[in-house]
Amino acid sequence: MASLRRCLPVFRMWLVLATLLVGAGGVTAVASAATPGGPHVPPGQGEPNRSAMLSYDEVQAELVAIEARSKGTVRVEQIGVSGEGRALRVAYIGTGDTRVWIQGRIHGNEPYGAEASLAFLKKLAAGGKHARDLLEEITFVIIPLYNPDGYEAYIRQDTTHRIDLNRDWGVDRDTFDLVNSVRAGQGLPQLPESVFDNYTRHRAVESQAHWYLWAEFLPHYMIDLHHQGTYYSGDSDDMTTFSMGISLDPGMLEDEQWDAVRQMAVVAADAADRHGAVNVTRYPYINIPEGVTSASMLNAPGPDGEYAGWRTNAMFFESRGGIGQKSRGYLVNQNVIGLWAIAEAIAAGTLSDVDPDRWADIPARGATITQCTKFPQQCAY
Ligand SMILES: [Zn+2]
């Protein structure tokens, strides 16, 4: 959910920072293990390396190829078209009664959600006992590219309205009142009526198509794949590579939901930690009812004010920024590890055995590692 403005200084700063850390003897085991030969972006390169990322056409070709190779286990479907007329395609796999939704690239300049969801789909489609066990219990819908126009333009928003598609699902009166009641409990001022009126509510066709898919599929679980800027882990000198996020205050959720989303985060964090090259943190507190994961948890209304009568357990992953060719492999892989671990726990029925309070033990995401840290006058937020 990182904004481009926050992300961009990182790319220029990373070499300087890495040099400083080396000079201070502070380079971390995690950073060096994960990215031998770092820095992540060559000096002077202000933009991430697009050639390391799958284009819209390449994602479509991958989907077609995976479906063709799968001998009928993967079904690709077009659910609509983007504002500029690009096909919105999703893949289904599995026969289980539990339904899991995975989405990537809702923010067009946060690329590897597409690569990670396709890698996860390929791993499932490749067969083998582990995959078969998951697919007997779970039916997945996998959305590699939620915002194709935004990706091709390499901006966060869609290109038709320039709105954030992760702030464009419906918010009804009850939910808005709940937000204000949570704020009152925290001693915060009430949000004015203008905030309620200004929610965009499925203005974009991408939001409409995906809401109807959600209302038809009714996922029990959802994981949304993002990138953030580059941050420290807590107050350490370690760089976090991977944050676990929950997009609502617990006061917005039923108790079972709050437990389930924390359990998902703990399972994914444990798996990533076991992998070794990943440094996991807890994404900061947010409470955004208009986001997709939030709205899916809140039985949010659709484009015509209709209700699906459903509450998903939804959370998100945030991979670090600084996304050059060298870091692509481990950034994609940490997402696949997290997704696989959650799916395994769901399929095995062990997710509910996890202690949800361990969520609080995941280290908090620390300060931003950006040029702004050193030169705040250059960053007029
Ligand atoms: Zn994002």
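Residues numbered from 1 in each chain as written. Predicted model: local features only at pLDDT ≥ 70, side-chain atom pairs only at ≥ 80, totals over all residues. Heavy atoms only, no water.

K.L.:
Go over the overall build of the chain, please, and point to the residues and values.
P.N.:
Of regular secondary structure, the chain possesses 13 helices and 11 strands. Of all 381 residues assigned to the chain, the portion counted as buried reaches 58%. A fraction of 82% describes how many contacts in the chain between residues 6 or more apart in sequence connect residues 24 or more apart. Here the chain has roughly 15,000 Å² of accessible surface; of this, 51% comes from carbon and sulfur atoms. (Helix = DSSP H or I, 4+ residues; strand = E, 2+ residues; numbered from the N terminus. Buried < 20%, exposed > 50% of the residue type's maximum accessible area, 1.4 Å probe, protein only. Contact = heavy atoms within 4.5 Å. Areas by Shrake-Rupley, 256 points an atom, 1.4 Å probe, with all protein chains shown as cover.)

K.L.:
Explain helix α7 (residues 173-185) to me, and be specific about the residues and the numbers.
P.N.:
Between its first and last C-alpha, α7 extends 18 Å over 13 residues, near the 18 Å set by a 1.5 Å rise per residue. The set of residues buried in α7 consists of Thr-175, Phe-176, Val-179, Asn-180, Val-182 and Arg-183. Buried residues of α7, seen end-on, are gathered within an arc of 155 degrees and therefore sit on one face of the element. Among the exposed residues of α7, those pointing more than 90 degrees away from its buried face are Asp-174 and Gly-185. Among the structural elements, α8 (193-198) are those in contact with the buried residues of α7. Of the residues one or two after α7, Gly-187 is the one with positive phi, at around 75 degrees. (Expected span 1.5 Å × (residues − 1). Arc of directions from axis to C-beta.)

K.L.:
Go over the sheet that holds strand β7 (residues 239-240) with me, naming the residues and quoting the values.
P.N.:
Spatially, β7-β6-β11 is the arrangement adopted by the three strands of the open sheet, whose pairing is antiparallel. Single-partner strands in this sheet number two, and they are β7 and β11 (365-368). As paired elements, strand β6 (residues 231-233) and β11 share two bridges and run antiparallel to each other. For Tyr-231, the partnering residue across the bridge sits in β11 and is Thr-368. (Pairing = 2+ DSSP bridges.)

K.L.:
Give a detailed account of helix α4 (residues 112-125), specifying residues and quantitative values.
P.N.:
Compared with the 20 Å implied by 1.5 Å per residue over 14 residues, the 19 Å span of α4 between its first and last C-alpha is a close match. Inspection of α4 places Tyr-112, Gly-113, Ala-114, Glu-115, Ala-116, Ser-117, Leu-118, Phe-120, Leu-121 and Leu-124 among the buried residues, and these make up the whole buried set. Just beyond α4, the residue with positive phi is Gly-127, at close to 85 degrees.

K.L.:
Talk me through the environment of Gly-85; I want residue IDs and the actual numbers.
P.N.:
Tracing the backbone shows Gly-85 in the loop between β1 (74-81) and β2 (87-94). Counting along the chain gives 64 residues from Gly-85 to Asp-149, while the straight-line C-alpha distance between them is 8.7 Å.

K.L.:
Report on the nonpolar core, specifying residues and quantitative values.
P.N.:
Formed by 102 residues in total, the largest nonpolar core has its most connected members in Phe-120, Phe-140, Ile-223, Met-244 and Phe-317. Per element, the largest residue contribution to this core is 13 residues, and it comes from helix α12 (residues 325-348). Other than its neighbours up to four places away in sequence, Ile-223 contacts Val-100, Trp-101, Ile-102, Gln-103, Met-264, Met-315, Phe-317, Leu-339 and Ile-342. (Core = buried A, V, L, I, M, F, W, Y, C linked by side-chain atoms within 4.5 Å.)

K.L.:
Explain the environment of Gln-190 to me, and be specific about the residues and the numbers.
P.N.:
Structurally, Gln-190 is set in the loop between α7 and α8. For the pair Gln-190 and Asn-180, spaced 10 residues apart in the sequence, the C-alpha separation amounts to 5.5 Å. Look past the residues within four positions of Gln-190 in its chain and what remains in contact with it is Asn-180, Arg-183 and Ala-184. Among the polar contacts listed, one links the side chain of Gln-190 to the backbone oxygen of Asn-180, at a separation of 2.9 Å. (Polar contact = N/O pair within 3.5 Å; in protein donor to acceptor, adjacent residues only side chain to side chain.)

K.L.:
How would you sum up the sheet that holds strand β8 (residues 242-245)? Please name residues and give values.
P.N.:
The mixed open sheet is built from eight strands, whose spatial order is β1-β2-β4-β3-β5-β10-β8-β9. The sheet is open, and its two edges are formed by β1 and β9 (280-282), each paired on a single side. On average, adjacent strands in this sheet sit at an angle of 20 degrees to one another, irrespective of strand direction. Relative to β2, β1 runs antiparallel, the two being bridged by seven bridges. Paired with Gly-80 across the bridge in β2 is Leu-88. Across the sheet, α4 lies against β1, β2, β3 (98-104), β4 (138-143) and β5 (221-227), angled at about 150 degrees from β4, the strand it touches most. Running over the sheet, helix α5 (residues 129-137) touches β2, β3 and β4 and is turned about 95 degrees from β4. (Axes fitted to C-alpha atoms, helices over the stretch in contact; angles between N-to-C directions.)

K.L.:
I'd love a proper account of the pairing of β5, names of residues and values included.
P.N.:
Counting buried positions over the seven residues of β5 gives seven, a clear majority of the element. Burial along β5 is two-sided: the residues Tyr-221, Ile-223, Leu-225 and His-227 and Met-222, Asp-224 and His-226 are all buried. In this structure, β3 lies alongside β5, joined through five bridges in parallel fashion. Each bridged residue has a counterpart across the sheet, and for Trp-101 the counterpart in β5 is Met-222. Note that β5 and strand β10 (residues 313-319) share seven bridges and pair parallel. Looking across to β10, one finds that Met-222 is bridged to Ala-314.

K.L.:
Kindly report on the pattern of salt bridges, identifying the contributing residues and their values.
P.N.:
Under the defined criterion, the tally for this structure stands at 15 salt bridges. With its nearest N and O atoms 3.0 Å apart, the salt bridge here joins Arg-156 to Asp-164. An identical accessibility class is assigned to Arg-156 and Asp-164; each is buried. Look at the salt bridges and you will find they share partners, linking Glu-110, Arg-156, Asp-164 and Arg-167 into a network. (Salt bridge = Lys/Arg side-chain N within 4 Å of Asp/Glu carboxyl O.)

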